[in-house]
Amino acid sequence: VTDQWYYCGGIVLMPFWMAAMAITGLVSAGVAAEGQRKAGIAADENAKLNARAQMADRDMQIAEAKSQMAQLQEEYLSARNSNIAQFSPTRDSSDQSVSAFLRSNEKKVVADIAAAGTMGRAKANRMESAAAITRSEGRATKQAYNYKAASTLISGISNYAATRVT
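Residues numbered from 1 in each chain as written. Predicted model: local features only at pLDDT ≥ 70, side-chain atom pairs only at ≥ 80, totals over all residues. Heavy atoms only, no water.

A.B. asks: Residue-level account of the overall build of the protein chain, with values.
C.D. replies: Within the protein chain, the secondary structure is distributed over 2 helices and 2 strands. Each helix and strand of the protein chain, ordered N terminal to C terminal, gives the series β-β-α-α. The buried share of the protein chain, reckoned over its 166 residues, is 19%. A fraction of 73% describes how many contacts in the protein chain between residues 6 or more apart in sequence connect residues 24 or more apart. Put simply, the protein chain shows about 11,500 Å² of open surface, and 59% of that area lies on carbon and sulfur atoms. (Helix = DSSP H or I, 4+ residues; strand = E, 2+ residues; numbered from the N terminus. Buried < 20%, exposed > 50% of the residue type's maximum accessible area, 1.4 Å probe, protein only. Contact = heavy atoms within 4.5 Å. Areas by Shrake-Rupley, 256 points an atom, 1.4 Å probe, with all protein chains shown as cover.)

A.B. asks: Describe the environment of Met55, and please don't skip the residues or the numbers.
C.D. replies: Along the chain, Met55 turns up in helix α1 (residues 16-87). Distance in space between the C-alpha atoms of Met55 and Met127 is 6.9 Å, their sequence separation being 72 residues. Apart from residues lying up to four places away in sequence, Met55 is in contact with Glu128, Ala131 and Arg135.

A.B. asks: Break down the pattern of salt bridges for me, citing the residues and quoting the values.
C.D. replies: Tallied over the full model, the rule gives 6 salt bridges. Linking Lys48 and Asp44 is a salt bridge whose minimum nitrogen-to-oxygen distance equals 3.6 Å. Of this pair, Lys48 and Asp44 both sit in helix α1, 4 residues apart, which is roughly one turn of that helix. Judged by relative accessible area, which is 5%, Asp44 ranks as buried. A single network of salt bridges, built from pairs that share partners, joins Glu34, Arg37 and Lys38. (Salt bridge = Lys/Arg side-chain N within 4 Å of Asp/Glu carboxyl O.)

A.B. asks: Before we move on, can you summarise the environment of Leu77 with the specific residues and values?
C.D. replies: When you line up the elements, Leu77 lands in helix α1. On the basis of relative accessibility, which here comes to 33%, the residue Leu77 falls in the partly exposed class. Note: C-alpha distance between Leu77 and Glu106 (29 residues apart in sequence) is 9.2 Å.

A.B. asks: For a nonpolar patch on the surface, give the residues involved together with the corresponding values.
C.D. replies: A contiguous nonpolar surface patch, about 280 Å² in accessible area, is contributed by Ile23, Val27 and Val31. With respect to the helices and strands, the residue Val31 is situated in helix α1. Classification of Val31 by relative accessible area gives exposed; the value is 57%. (Patch = residues over 30% accessible without salt bridge, like charges linked within 9 Å, V, L, I, M, F, W, Y side chains within 5 Å.)

A.B. asks: Talk me through the environment of Lys66; I want residue IDs and the actual numbers.
C.D. replies: Positionally, Lys66 belongs in helix α1. Judged by its relative accessible area of 56%, Lys66 falls in the exposed class. Separated by 50 residues in sequence, Lys66 and Ala116 place their C-alpha atoms 8.5 Å apart.

A.B. asks: Describe the side chain of Gln61, naming the residues involved and giving the relevant values.
C.D. replies: Tracing the chain through its elements places Gln61 in helix α1. Taking the relative accessible area as the measure of exposure, Gln61 reaches 12% and is therefore buried. Not counting chain neighbours up to four residues away, the residues in contact with Gln61 comprise Gly120, Lys123, Ala124 and Met127.

Written out as structure tokens, the structure is:
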């Protein structure tokens, strides 16, 4: 094994072991770059799956809020019917105090239902925002891995070229 360069018809050839090392370094850089690219794709796919799960949670939150609002409405109607039945034997249902009591209860229930709807929508919006952030982070991670892969490949090509020239 020699470190001398060989001349063949005016062309300078490097020793075999140097050529083998240069090619090995180039192939290694290519393999590393491909691994980095695939890692970026995997990170992006994982983020998409997590975002889908977050959106499913959001949909579940919306359904729970609607269920809660329906339950409040049902409880109100049941209590209203019970109150009317309780007042019927003792007072006329058109009595002003009975009507005022029923209107007061109705206003409270409407406020409770509106609050439940608002809270449900706010929580669903937060979940949707979290899903969007997760997707964005996945895309950014994929892009970072792609840049890293390109850098690795360029570095490998540069090292190969430097070995061939020296």
